[in-house]
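Letter by letter, the chains look like this.
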Amino acid sequence: GSMTFANGETVARHADFVFVGCGNTAGRGASPCYPERKPFDAAFANRLVFLRWQYDETLERAVALAINAGAERWIDWTRTARAAAAELALRLEITPRTTFTLARLAGETTISNDELLHSIMGGIDQASIDKLLARAPFPERQV
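The shown structure was predicted, so the numbers you read here are calculated from the model rather than taken from an experiment. (Residues numbered from 1 in each chain as written. Predicted model: local features only at pLDDT ≥ 70, side-chain atom pairs only at ≥ 80, totals over all residues. Heavy atoms only, no water.)

Under the counting rule described, the total for this entry stands at three aromatic pairs. Centre to centre, the rings of Phe40 and Phe44 are 5.2 Å apart; their planes meet at 90 degrees, and the pair counts as edge-to-face. On the basis of relative accessibility, which here comes to 36%, the residue Phe40 falls in the partly exposed class. Assessed through its relative accessible area of 44%, Phe44 is described here as partly exposed. Plain terms: the ring middles of Trp74 and Phe138 are 5.2 Å apart, the flat faces sit at 50 degrees to each other, and that makes the pair tilted. Separated by 64 residues along the polypeptide, Trp74 in helix α3 (residues 72-88) and Phe138 in the segment after α6 (126-135) bring together distant segments of the chain. By way of ring pairs, the aromatic residues Trp74, Trp77 and Phe138 are connected into one cluster. For the cation-ring pair, Arg28 lies above Phe50, with the distance from its terminal atom to the ring centre recorded as 5.0 Å. (Phe/Tyr/Trp six-rings, centres within 6.5 Å; stacked < 30°, edge-to-face > 60°. Buried < 20%, exposed > 50% of the residue type's maximum accessible area, 1.4 Å probe, protein only. Helix = DSSP H or I, 4+ residues; strand = E, 2+ residues; numbered from the N terminus. Lys NZ or Arg CZ within 6 Å of the ring centre and 35° of its normal.)

Listed below in structure tokens is the structure:
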């Protein structure tokens, strides 16, 4: 209900105060996509409530279409690829940022389809790319 600061002053929590912390892991340590994460101390973790929030795909679609009105197939691909990457346990995050990048770059006529694909793969190995593309074929660009 209060916080004591380094100067010795104690301030009561405002009635409207809510703390929300976000992270890529649940504080339990490393995961395949986030190998450098350290676990929280158990006493600290015990003071938190963990909520899992999925991506807002309606918002993702609206933003991607605002970037590129012709991005529908890229939106569909990221959703299919996201599910495939999770099922295959690939060390690859396909996030709304991926969708937005594809929407933006797909409108560039100077970027080849291969360059477009590799721009969002984050240096993932070819074997993993092949596994992903077997489940989620990358759309051909129509330039």
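Now that the structure has been shown, we can carry on.
Tallied over the full model, the rule gives seven salt bridges. Of the charged contacts in the structure, one is a salt bridge between Arg79 and Glu57, with a shortest N-O distance of 3.7 Å. On the criterion of sequence distance, the pair formed by Arg79 in helix α3 and Glu57 in helix α2 (residues 57-67) is long-range, its members being 22 residues apart. The residue Glu72 makes a salt bridge to Arg61 at a minimum N-O spacing of 1.8 Å. You can see Glu72 sitting in helix α3 and its partner Arg61 sitting in helix α2, a full 11 residues away along the chain. Classification of Glu72 as partly exposed rests on a relative accessible area of 35%. Through salt bridges that share partners, Glu57, Glu60, Arg79 and Arg82 make up one connected network. (Salt bridge = Lys/Arg side-chain N within 4 Å of Asp/Glu carboxyl O.)

A word on the nonpolar core. The biggest cluster of nonpolar side chains holds 25 residues, and the ones touching the most others in it are Trp77, Leu116, Met121 and Leu132. Listing elements by their share of this core, those giving two or more residues are α3, α4 (96-106), α5 (113-119) and α6. Of the residues forming this core, the biggest block, six residues, is contributed by α3. (Core = buried A, V, L, I, M, F, W, Y, C linked by side-chain atoms within 4.5 Å.)

Any empty space left between atoms is shown by rolling a water-sized probe over those atoms. By volume, the largest pocket amounts to about 1,700 Å³. Every residue lining the largest pocket is counted, 37 residues in all, and those nearest its centre are Gly23, Asn24, Thr25, Leu51 and Trp53. A total of five residues in the lining of the largest pocket trace back to one element, the largest contributor, which is α3. Residue classes in the lining of the largest pocket are distributed as 22 nonpolar, eight polar and seven charged. Of the volumes computed, that of the second largest pocket is approximately 180 Å³. Along the walls of the second largest pocket sit Gly1, Ser2, Met3, Phe5, Val11, Ala12, Arg13, His14 and Phe17, which together make up its complete lining. (1 Å grid on protein atoms, 1.4 Å probe; cavity = no way out; pocket = protein on both sides within 12 Å on 5 of 7 lines; lining within 4 Å. Points joined across faces, edges and corners; volume = space filled by probe spheres on them. Nonpolar A, V, L, I, M, F, W, Y, C, P; charged D, E, K, R; others polar.)

This paragraph deals with the side chain of Thr95. Looking at the element boundaries, Thr95 is found in the loop between α3 and α4. With sequence-adjacent residues up to four places away left out, Thr95 is seen in contact with Tyr55, Glu60 and Arg82. (Contact = heavy atoms within 4.5 Å.)

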